[in-house]
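Examination of the molecular architecture
So the chains spell out like this:
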Amino acid sequence: MTALAQRTGAINLGQGFPDTDGPQVVLEAARSAILAGANQYPPGLGVPVLREAIARHQHRFHGITVDPDREVLVTTGATEALAATLLALVRPGDEVVTLDPTYDAYTALIALAGGRHVRVPLAPPDFRLPLDRLATAVTDRTAVILVNNPHNPTGTVLTQAELAAIVAAAEQHDAIVVVDEVYEHLVFDGVRHTTIAAIPGAAERSVTISSAGKTFSLTGWKIGWLVAPQPLRDAVLTVKQYLTFATGAPLQPAIAEGLDQPDALFVGVRDRLQHGRDLLAAGLARAGFAFAPAPATYFQAVDAAPLGVADAARLARELPEQVGVVGIPLSAFAAPEHADLYRSWLRFAFCKRDTVLQEASDRLARLAMRD
């Protein structure tokens, strides 16, 4: 879809990357670190200043006490954290349970680890987790329950009750819970995000993954991390040292600087994203899409059925020519057996400048004037 946007000159609201830089204080910290000579291999675990900042972050925002020397690992983005975790914990033939629609990297990484992918579909239009289907999907063959919370591509936020059900299923079948929380600070309208480690019973059997890319609009830096009990952390480290070995030396202290910034910075990031969501939503509503405002992430999921559209994948291919905007069909993220649930749904990214979102909103509104 990005290639289609480039070919047609359409506004690309398909791929989730910001079009503005992150906080100046973080950028300046990286430049200072480069000039100060932080340009050689850092420790494989990550530099101490960042591991300590991650531990402070977990306590400050989630009330979780973390040992920066034994329970934290810095990675080359959340994707490497996910890859190393699955390669460390999944043996060929083990099952990995995810939520459908599933972020596409999960499918590939599970395959690389030799695992069998089992999906539990979130039910539209509110994309809540059906606990009965979760209980059926998790069995003694399940090695990992892999959860994206807040959830991409639907934008939903799992409730404490849903998270507790995931942990209970993992306890019952001796599985590890791996939670991708990269959108943890991008939660809107007073909705509360709960980290998995705060759920009773989760701390000893969970790997919590996050990154700086989404929070600070620095997706190209690829600085991520995971927090886990030492035996799990060390198992993942064993794999990571043969992937990237180490991660961007001058960028690590810069992200530490960012994580220690006052609450106002995090609130400002959240509020700007919520404003962008609302700006885009105005055009989506005028176009006639059905949706509830996304409670989190970079993305708004919308149902095109009220427009008489049964196949959102076809609409996604036509939109660049019709109105000059690119989105992605939710069915592209789903297993074939679940695709019909999301057949009329599209995902649009709102992590863009106001001028871009206003123009996209105006263009999308033209759909209401089609014959």
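Just so we're clear, the structure is a prediction, and the values are computed from it rather than from any experiment.

This part is about the sheet that holds strand S11 (residues 328-329). Strands sit in the order S9-S12-S11 across an open sheet of three strands; the sheet is antiparallel. Strands at the two margins of the open sheet, each flanked by one partner only, are strand S9 (299-303) and S11. Relative to strand S12 (residues 345-349), S11 runs antiparallel, the two being bridged by two bridges. By the bridge assignment for S12, Pro-329 is matched with Leu-346.

What follows is about the layout of surface pockets. If you add up the space inside the largest pocket, you get close to 600 Å³. Taken together, 27 residues form the lining of the largest pocket, with Gly-16, Tyr-103, Asn-152, Tyr-183 and Lys-214 sitting closest to its centre. Tallied by class, residues from the lining of the largest pocket come to 12 nonpolar, 10 polar and five charged. Lining the lining of the largest pocket are residues from two domains, each supplying at least three of them: domain 1 (1-21 + 264-365) and domain 2 (35-260). Computed from the structure, the second largest pocket encloses a volume of approximately 480 Å³. The leading source of residues in the lining of the second largest pocket is helix H10 (residues 263-287), at four residues. Counted by class, the lining of the second largest pocket contains seven nonpolar, six polar and five charged residues.

Let us look at unusual backbone geometry. Most peptide bonds take the trans form, and the phi angle of most residues other than glycine is negative. The omega angle of the peptide bond from Pro-124 to Pro-125 is 10 degrees, so this bond is cis rather than trans. As for its position among the elements, Pro-125 is in the loop between strand S4 (116-121) and helix H6 (131-137). Omega for the peptide link from Asn-152 to Pro-153 comes to 25 degrees, which places this bond in the cis form. Position of Pro-153 relative to the elements: it lies in the loop between strand S5 (142-148) and helix H7 (160-173).

On to the packing of helix H4 (residues 77-89) against helix H5 (residues 104-112). Remark: H4 packs on H5, axes separated minimally by 9 Å, with the N-to-C direction vectors making an angle of 30 degrees. Of the two possible hands of crossing, H4 and H5 adopt the one that is right-handed. Across from Thr-79, Leu-82, Ala-83, Leu-86 and Leu-87 in H4, the residues of H5 making contact are Tyr-106, Leu-109, Ile-110 and Leu-112. The class makeup of the residues in the contact of H4 with H5 is eight nonpolar, one polar and no charged.

Looking at the assigned domains, one finds that the protein chain contains domain 1 (1-21 + 264-365) and domain 2 (35-260). In this structure, domain 1 and domain 2 have C-alpha centres spaced 25 Å apart. Listed by partner, the interface residues are 29 residues for domain 1 and 37 residues for domain 2. Taking both partners together, domain 1 and domain 2 bury about 2700 Å²; carbon and sulfur atoms supply 67% of that area. By the criterion of area lost to domain 2, the three top residues of domain 1 are Phe-266, Pro-295 and Phe-333, representing 25% of everything that side buries. Where domain 1 touches domain 2, the interface holds one salt bridge. Here Arg-277 ties to Asp-189 by a salt bridge, and the two come within 2.7 Å at their closest N and O atoms.

What follows concerns the packing of aromatic side chains. One pair of aromatic rings is described through two measures. These are the centre distance and the angle between the planes. Applying the stated rule across the entire model yields 11 aromatic pairs. Pairing Phe-127 with Tyr-342 gives two aromatic rings, centres 6.4 Å apart and planes at 20 degrees, and the pair type is stacked. In this pair, Phe-127 sits in the loop between S4 and H6 while Tyr-342 sits in the loop between S11 and S12, placing the two residues 215 residues apart along the sequence. When its relative accessible area of 0% is taken as the criterion, Tyr-342 is described as buried. Aromatic rings pair up to connect Phe-61, Phe-216 and Phe-266 into one cluster.

Turning our eyes to something else, we now look at the packing of helix H2 (residues 24-35) against helix H9 (residues 251-259). Their axes nearest at 8 Å, the elements H2 and H9 cross at an angle of 150 degrees. On the basis of the axis angle, H2 is roughly antiparallel to H9. H9 is crossed by H2, and the crossing has right-handed handedness. Contact residues: Val-25, Val-26, Ala-29, Ala-30 and Ala-33 in H2; Leu-251, Pro-253, Ala-254, Ile-255, Glu-257 and Gly-258 in H9. Looking at the contact of H2 with H9 residue by residue, the class counts come to nine nonpolar, one polar and one charged.

Here is what the cut-offs are and how they apply
Residues numbered from 1 in each chain as written. Predicted model: local features only at pLDDT ≥ 70, side-chain atom pairs only at ≥ 80, totals over all residues. Heavy atoms only, no water. Pairing = 2+ DSSP bridges. Helix = DSSP H or I, 4+ residues; strand = E, 2+ residues; numbered from the N terminus. 1 Å grid on protein atoms, 1.4 Å probe; cavity = no way out; pocket = protein on both sides within 12 Å on 5 of 7 lines; lining within 4 Å. Points joined across faces, edges and corners; volume = space filled by probe spheres on them. Nonpolar A, V, L, I, M, F, W, Y, C, P; charged D, E, K, R; others polar. Domains from an automatic or database assignment. Axes fitted to C-alpha atoms, helices over the stretch in contact; angles between N-to-C directions. Left-handed = near helix turned anticlockwise from the far one by under 90°. Contact = heavy atoms within 4.5 Å. Buried area = accessible area lost by both parts, 1.4 Å probe. Salt bridge = Lys/Arg side-chain N within 4 Å of Asp/Glu carboxyl O. Phe/Tyr/Trp six-rings, centres within 6.5 Å; stacked < 30°, edge-to-face > 60°. Buried < 20%, exposed > 50% of the residue type's maximum accessible area, 1.4 Å probe, protein only. Parallel < 35°, antiparallel > 145°, perpendicular 65-115°, else oblique.

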